[in-house]
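# Coordinates in review
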Amino acid sequence: RAITIAPERPGALDAIARFVDAGVTVAIGHTDADHAAAQAAIDAGATLATHLGNAMPPLHHRAAGPIAACLQAESITCELIVDNHHLDPAFVRLVGTVKTADRVALITDAIAAAGAGDGRYVLGVLDVEVRDGVARLVTDDGSPGSLAGSTLTMDAAVRHTVASGLELADASVAASLAPARLIG
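Our subject in this report is the structure included herewith. If you're wondering where the values come from, they're calculated on a predicted model, not measured in any experiment.

Now for unusual backbone geometry. A positive phi angle, near 25°, is found at His51, a position not held by glycine. Counting through the fold element by element, His51 comes out in the loop between strand S3 (48-49) and helix H3 (65-72). Overall, the relative accessible area of 7% leaves His51 in the buried class. The phi dihedral of Asn84 falls on the positive side, at around 70°, and the residue is not glycine. Tracing the sequence through the fold places Asn84 in the loop between strand S4 (77-80) and helix H4 (89-98).

Let's shift gears to the nonpolar core. Leu52 and Leu80 are the most contacted members of the largest nonpolar core, which totals 36 residues. Discounting chain neighbours no more than four positions away, the residues touching Leu80 are Leu52, Leu87, Phe91, Val92, Val95, Val104, Ala105, Leu106 and Ile107. Among the nonpolar cores identified, the runner-up in size contains 7 residues, and Ile111, Val128, Val130 and Ala135 belong to it.

Next up on the list: the sheet that holds strand S9 (residues 144-147). Ordered by their spatial adjacency, 4 strands build an open sheet running S6-S7-S8-S9, and the pairing between neighbours is antiparallel. Two strands close off the open sheet at either side, each with one partner strand: strand S6 (119-123) and S9. With strand direction ignored, the average angle separating the axes of adjacent strands in the sheet is 45°. The pairing of strand S7 (residues 126-131) with strand S8 (residues 134-138) spans 4 bridges and is classified as antiparallel. In the strand pairing of S8, Glu129 is matched with Arg136.

Let us now look at the pairing of S8. Two successive antiparallel strands, S7 and S8, enclose a turn made up of 2 residues, where Asp132 displays a positive phi of approximately 55°. Taking the residues between adjacent antiparallel strands as the criterion, S8 and S9 are bridged by 5 residues, where Gly142 takes a positive phi near 85°.

Of note, Thr50 is situated in the loop between S3 and H3. For Thr50, a relative accessible area of 8% corresponds to the buried category. For the pair formed by Thr50 and Ala40, sequence separation is 10 residues and the distance between their alpha carbons is 16 Å. Those residues in contact with Thr50 that sit more than four places away from it in its chain are Thr4, Ala27, Ile28, Gly29, His30, Met56 and Glu79. For Thr50, the side chain forms a polar contact with the side chain of Thr4, separated by 2.6 Å.

A few words on the side chain of Glu79. Its location among the elements puts Glu79 in strand S4. We note that Glu79 is buried and unpaired, the nearest opposite charge coming from Arg181 at a distance of 10 Å. Aside from chain neighbours lying at most four places away, what touches Glu79 is Leu48, Ala49, Thr50, His51, Leu52, Ala105 and Ile107.

Taking strand neighbours across the sheet as the criterion, the 5 strands line up as S1-S2-S3-S4-S5 in an open arrangement whose pairing is parallel. The open sheet terminates on both sides in strands that have one partner only, identified here as strand S1 (2-5) and strand S5 (104-106). For S1 and strand S2 (residues 25-28), the ladder comprises 4 bridges, and the chain directions are parallel. In the sheet register, Thr4 faces S2, and the bridge partner there is Ala27.

The rules behind each value
Residues numbered from 1 in each chain as written. Predicted model: local features only at pLDDT ≥ 70, side-chain atom pairs only at ≥ 80, totals over all residues. Heavy atoms only, no water. Helix = DSSP H or I, 4+ residues; strand = E, 2+ residues; numbered from the N terminus. Buried < 20%, exposed > 50% of the residue type's maximum accessible area, 1.4 Å probe, protein only. Core = buried A, V, L, I, M, F, W, Y, C linked by side-chain atoms within 4.5 Å. Contact = heavy atoms within 4.5 Å. Pairing = 2+ DSSP bridges. Axes fitted to C-alpha atoms, helices over the stretch in contact; angles between N-to-C directions. Polar contact = N/O pair within 3.5 Å; in protein donor to acceptor, adjacent residues only side chain to side chain. Lys, Arg positive; Asp, Glu negative; His and termini not counted. Salt bridge = Lys/Arg side-chain N within 4 Å of Asp/Glu carboxyl O.

Below, the structure is given as structure tokens:
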């Protein structure tokens, strides 16, 4: 059992503590939290970062934000979508340098379009267009919208992770042992 929560939301820290007490893995994600709010969530028991670097403020030298809090915390496992669209290879190398392999979890964030090719898809109630393998929300004006999941497969995630500069053994742990540990 796992839940992603934005720690800056009212009542989030109490919710995190209650979830942790109930044996639920709590992830920081889909958030506008600053560093202090993310650290408070970690202190309350959050142990996972939902697709680090996505749907959260970027790492900045004057406002470190949730990325720095998650990278600094030994207790946090960082999920990465390594498809060369969600994360730059240099960011993947940074995470691999800061976190041990068992604290990195490769995820696909795949939608129904994975393995199915380009075209239009539905994600919940949202229209998604996949073009050149990249899933984006359809906008009213036809411009490319936000990333909407991915078409990534785990074998490709491992290959991209190794191409980013991590060792194959570390990529293998991130693709198997770390996620397995998270789900018990």
